[in-house]
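# Residue-level structure breakdown
Listed below, chain by chain, are the residues.
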Amino acid sequence: MNNIERLDVHPRIISALKKTKLANKTTILCMSAADLERVTKLSSFDVSVLLKAVSLSLPCPPMRTALSLYKNSQGHRLSLGCQILDGFLHGGILSEGITEITGVSSSGKTQVCLQLCMSVQLPHKEGGLGGGAVYISTEDVFPSKRLHQLTQCFTKSQVLHPSSCKLNLSDNIFIEHAADVDDLQNIITHRLPLLLNKGAIKLVIIDSITALFRVEYSLGETSKRAKVLRSFGAQLQKLSHLHSIPVVCVNQVSDVIQTEGNSSRIRNKTVIPALGLAWSSMVTTRLMLSRTEQLIQHNDGERNPVIKRYLQIVFAPHLPSTSCFYYIDAEGVHGYKEQICNEKKKIDQFKDSKVQGPSQSP
C-alpha cells in the first residue's frame, strides 16, 4: 500500500522522495505543499503531481451525491426475515453500503446477522438477493449450533414458497475467522474479492469490527487506529458498490458516565457506539439494539415469555430516526406487532384529543 515506487509520476520525483526518506504515502498526504517543496526541493508543479498521484493510489469510497443515495435507497432491499421488521425498515437493509448493528452485550446482534445469512439466499421476489453470505468472525467460536437451529426453523417457515424449500441454507454460508487486524486486512483485501468476483456471494458480515481494534491498539494509538479503520471502511465500501452487495458490521458500545460536579457520584450513564468518529463516517446506516427488563407474554399461552428488546434507527439516508420493539426466540428474530399496534392506537387517541380540544367544565 505504501510502495512509492509504483506511483505514476516522473522518476525524478521518486528519486527526491527516496533521498528525503519519504516512503510513507500517509505521511506525504499529511504534509502541506509548501513543506514538501522545502523538504524535497521539488517545484510546486511536481509537488501537485505527487499529491494527486498519492491520493489516487490510496483506497477510498466512491463519491456519492445525495441524489444517488436517495435513488439507491428506493431499489431492492435485503429482508430481515420478518415482515414486521421489514415494514419498519421500509423493506429491509440497503443493498449497498455499510450497515452497522451496534448494541450492548446479549442484545441480539449476532442473532440478526445469522438470520440475514439465511434471508439473503431467498429469491428477489421473496426479499432475498439470491446468493450466499460470507461471515467473518473475530470474537468467540462461531455459533454453529444456533445457525443449525435457525436454518431448520427458517426452512419450515418458507413452506408457502416452494422455490425456497429446495435451498440448503448451510451450504451457502462461508465462515472465516480473523485472529488479528493483519488477518482481517488480508481477508477483505485479497480473499474476499476473489469470492465476490465469482458472483455467488451477496452479503458480507463482520462480527465484530470492534474486537480486534480494542485489543491491538492502546489509548495512545488513537490516530493510528483511525487511519487503519478508514482504510478498512473504504475497502468495504468499494467492494459493496462494485458488486452491489450489503456489508453488515457488528459494533460494540462504550459507556459514557456523567458525574455531578466535582464529585464521583454518577448522575447519568449512557452507551454510544465504539470506534469513534473515524469509523462512524464510513457507516451508511446505523441500527442500535438493546434489551429491556420487560417480558412479552404470547396470547396463545403455549410459548414461554421472551425478553422485549428495542431496535433504534440512529441514522440512515432513507429512514427517520425511529424505533420499535422486537424479541428473539428459538425460531429467530421477530418484530413485536402488538406493541406497534398499541403505539398507533395512542397516536390516534392523541390526534383525536387535539381535534376535539379540551373539555370545558360547566
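Presented here is a report on the structure given in the accompanying data block. Not measured: the values here are computed from a predicted model. (Residues numbered from 1 in each chain as written. Predicted model: local features only at pLDDT ≥ 70, side-chain atom pairs only at ≥ 80, totals over all residues. Heavy atoms only, no water.)

In terms of regular secondary structure, the chain is built from 14 helices and 13 strands. Going through the 362 residues of the chain one by one, you find that 44% of them count as buried. Sequence-distant contacts in the chain: of pairs separated by 6 or more residues, those separated by 24 or more amount to 65%. (Helix = DSSP H or I, 4+ residues; strand = E, 2+ residues; numbered from the N terminus. Buried < 20%, exposed > 50% of the residue type's maximum accessible area, 1.4 Å probe, protein only. Contact = heavy atoms within 4.5 Å.)

For the rest of this paragraph, the subject is helix H7 (residues 109-119). Counting buried residues along H7, nine of its 11 residues qualify, which places the element largely inside the surrounding structure. Here H7 has its buried residues at Lys109, Val112, Cys113, Leu114, Gln115, Leu116, Cys117, Met118 and Ser119.

Among the structural elements, Gln121 can be located in the loop between H7 and strand S4 (132-137). Along the backbone, Gln121 and Gly131 are 10 residues apart, and their C-alpha atoms lie at a distance of 4.8 Å.

Turning next to the nonpolar core. Soluble globular proteins tend to bury their nonpolar side chains together. Counting residues in each nonpolar core, the largest one holds 39 residues, and the members touching the most others are Leu85, Leu116, Leu203, Val248 and Leu311. The greatest single-element share of this core, amounting to six residues, is contributed by H7. Apart from the residues lying within four places of it in its own chain, the contact partners of Leu85 are Leu80, Leu311, Cys324, Tyr326, Val333, His334 and Gly335. By size, the runner-up hydrophobic cluster in this structure holds 31 residues, among which are Ile136, Leu212, Val228 and Trp279. (Core = buried A, V, L, I, M, F, W, Y, C linked by side-chain atoms within 4.5 Å.)

Before going further, it helps to examine the packing of helix H3 (residues 33-40) against helix H4 (residues 44-57). Running from N to C, H3 and H4 point in directions that differ by 115 degrees, and their axes come no closer than 10 Å. By the angle between their directions, the pair H3 and H4 is classed as roughly perpendicular. Classified by chirality, the crossing of H4 by H3 is right-handed. Counting all contacts with H3, which are made through Ala33, Leu36 and Glu37, the residues of H4 involved are Ser44, Val47 and Leu51. Residue classes in the contact of H3 with H4 are distributed as four nonpolar, one polar and one charged. (Axes fitted to C-alpha atoms, helices over the stretch in contact; angles between N-to-C directions. Parallel < 35°, antiparallel > 145°, perpendicular 65-115°, else oblique. Left-handed = near helix turned anticlockwise from the far one by under 90°. Nonpolar A, V, L, I, M, F, W, Y, C, P; charged D, E, K, R; others polar.)

Once that is clear, we can look at the packing of aromatic side chains. Evaluated as defined, the whole model comprises four aromatic pairs. Their ring planes at 75 degrees and their centres at 5.0 Å tell us that Tyr135 and Phe142 sit as a pair that is edge-to-face. Here Tyr135 and Phe142 have matching classes, each one buried. Where Phe213 meets Phe232, the ring centres are 5.6 Å apart and the plane angle is 80 degrees; that geometry is what we call edge-to-face. Residue Phe213 is located in helix H11 (residues 210-216), and its partner Phe232 is located in helix H12 (residues 222-243); the two are separated by 19 residues in the primary sequence. (Phe/Tyr/Trp six-rings, centres within 6.5 Å; stacked < 30°, edge-to-face > 60°.)

In this fold, Ser119 is placed in helix H7. If we skip the residues at most four places from it in the chain, Ser119 touches Leu78, Ser79, Leu80, Gly81, Gly128, Leu129 and Phe154.

For the rest of this paragraph, the subject is the sheet that holds strand S11 (residues 306-315). In a beta sheet, neighbouring strands are held together by backbone hydrogen bonds and run either parallel or antiparallel to one another. The strand order S5-S4-S6-S7-S3-S10-S11-S12-S13 describes an open sheet built from nine strands, whose pairing is mixed. Where the open sheet ends on each side, the last strands, each with one partner, are strand S5 (173-177) and strand S13 (332-335). Each neighbouring strand pair of the sheet contributes to a mean axis angle of 25 degrees, computed without reference to strand direction. Here S4 pairs with strand S6 (residues 201-207) via six bridges, running parallel. Looking across to S6, one finds that Tyr135 is bridged to Ile205. (Pairing = 2+ DSSP bridges.)

What follows is about the pairing of strand S3 (residues 97-103). A large share of S3 lies buried, amounting to seven of its seven residues. Every second residue of S3 is oriented toward a common face, with Gly97, Thr99, Ile101 and Gly103 on one face and Ile98, Glu100 and Thr102 on the other, all of them buried. Bridge count for S3 against strand S10 (residues 285-296) is five bridges, and the pairing is parallel. Following the sheet pairing, Ile101 is matched in S10 by Leu287.

So, on to unusual backbone geometry. One can expect most non-glycine residues to show negative phi and most peptide bonds to be in trans. The peptide bond linking Asp207 to Ser208 adopts the cis configuration, its omega dihedral lying at 0 degrees. Along the chain, Ser208 turns up in the loop between S6 and H11. Although it is not a glycine, His90 adopts a positive phi angle of roughly 60 degrees. When you line up the elements, His90 lands in the loop between helix H6 (83-88) and strand S2 (93-94). Judged by its relative accessible area of 47%, His90 falls in the partly exposed class.

In this section: the packing of helix H10 (residues 181-197) against H12. Here H10 crosses H12 at 10 degrees, and the two axes come no closer than 11 Å. Taken together, the axes of H10 and H12 lie roughly parallel to each other. On the side of H10, the interface is formed by Val181, Leu184, Gln185, Ile188, Thr189, Leu192, Pro193, Leu196 and Asn197, while H12 contributes Val228, Phe232, Gln235, Leu236, Leu239 and His243. Here the residues of the contact of H10 with H12 are counted per class, giving 10 nonpolar, five polar and no charged.

So, on to the side chain of Asn251. Structurally, Asn251 can be placed in strand S7 (residues 246-251). In this structure Asn251 comes out as buried when scored by relative accessible area, which is 0%. In this structure the side chain of Asn251 is engaged in a polar contact, spanning 3.1 Å, whose partner is the side chain of Glu100. Leave out the neighbours within four places in its chain, and Asn251 touches Glu100, Ile101, Thr102, Gly103, Lys109, Ile209, Thr210, Pro273, Ala274, Leu275, Trp279 and Arg286. (Polar contact = N/O pair within 3.5 Å; in protein donor to acceptor, adjacent residues only side chain to side chain.)

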